[in-house]
Amino acid sequence: MHCFVKKEQAILKGQTKHLTGQVREALLALPDTLLMEILGEWLDDVDEQLLDWGDECRSALGYRIQSDETHKIYASFEELEQAEPDGACGSWMVPDAQTLRTFLVNLSLEQFYHSVIALAGEALALQASEEAWGFPPSVASDGYDFMRCLTVHLRYKALRRPEQGHISFPQQATGRRKPMKPSSSGLPGWRLRSSRHRERTVSPERHTDKTTEER
């Protein structure tokens, strides 16, 4: 099951706040098309293993559900299921770049750290390992080296802007499915935790809750 695990004391240390702010600044400095491309790639990568978690990330970043039957828009699959209980399918609607930027700006540093940086840590795990970025933030790692390398990575991406017209984006996420019952409301103020592979019912947890210690 994938869920946002609420931190009772989600207070970040000064260095963590500083590095989190740098990552957000580097992400927001990207041109619109590149910002949407990168976040879309991260979400798609997470979907391959942690589908429910990807859904919660999308909800936190302003993605919305459109019913395939009525074409009405809902904030989550849970809302779709309540409004259309006969098993209607839904598709994720990609927000425009300005809406996405607004969500990113409005996240507190704690929310950004526990959602966007956690998402990047999952999606870029292989690249981080191959390029020796260090481990993403976790109980076992402060993630400082990872966040520094992530900032450099995003700044480098900004310098290599795609040619105009090279990238296009669909208005809906590919694939349609029936509503699933999310483990929470998907609020961005909750920390992401994942513990189930998309194709399996149960697998060993990849993250350990930590509610009593500061980051």
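Residues numbered from 1 in each chain as written. Predicted model: local features only at pLDDT ≥ 70, side-chain atom pairs only at ≥ 80, totals over all residues. Heavy atoms only, no water.

A closer look at the packing of helix H2 (residues 32-47) against helix H8 (residues 144-159)
Part 1: Relative orientation of the contacting elements H2 and H8 amounts to 135°, with a least axis distance of 11 Å. Our classification of the angle between H2 and H8 gives oblique. Crossing handedness for the pair H2 and H8: right-handed. Each of Leu34, Ile38 and Trp42 in H2 lies in contact with H8, whose residues at this interface are Leu150, Leu154, Lys157 and Ala158.
Part 2: Residues of the contact of H2 with H8, tallied by class, amount to six nonpolar, no polar and one charged. (Axes fitted to C-alpha atoms, helices over the stretch in contact; angles between N-to-C directions. Helix = DSSP H or I, 4+ residues; strand = E, 2+ residues; numbered from the N terminus. Parallel < 35°, antiparallel > 145°, perpendicular 65-115°, else oblique. Left-handed = near helix turned anticlockwise from the far one by under 90°. Contact = heavy atoms within 4.5 Å. Nonpolar A, V, L, I, M, F, W, Y, C, P; charged D, E, K, R; others polar.)

With respect to unusual backbone geometry
Part 1: The residue His71 is not glycine, and still its phi comes out positive at about 65°.
Part 2: Mapped onto the elements of the fold, His71 is located in the loop between strand E2 (64-67) and strand E3 (73-74).
Part 3: Overall, the relative accessible area of 53% leaves His71 in the exposed class.
Part 4: With phi around 55°, Ala132 is a residue other than glycine that occupies positive phi space. (Buried < 20%, exposed > 50% of the residue type's maximum accessible area, 1.4 Å probe, protein only.)

Regarding H8
Part 1: Given a rise of 1.5 Å per residue, 16 residues ought to cover 22 Å, and the 23 Å separating the end C-alpha atoms of H8 matches this to within 8%.
Part 2: Turning to H8, its buried residues are Tyr144, Phe146, Met147, Leu150, Thr151, His153, Leu154 and Ala158.
Part 3: Next to the buried residues of H8 lie helix H1 (14-28), H2, helix H6 (109-123) and helix H7 (125-130). (Expected span 1.5 Å × (residues − 1).)

What about the sheet that holds strand E4 (residues 90-93)?
Part 1: Strand order in the open sheet formed by three strands is E3-E2-E4, with antiparallel pairing between adjacent strands. In this open sheet, the two strands that pair with only one neighbour each are E3 and E4.
Part 2: By the bridge criterion, two bridges tie E2 to E3 in an arrangement that is antiparallel. Within the sheet, the bridge partner assigned to Gln66 lies in E3 and is Ile73. (Pairing = 2+ DSSP bridges.)

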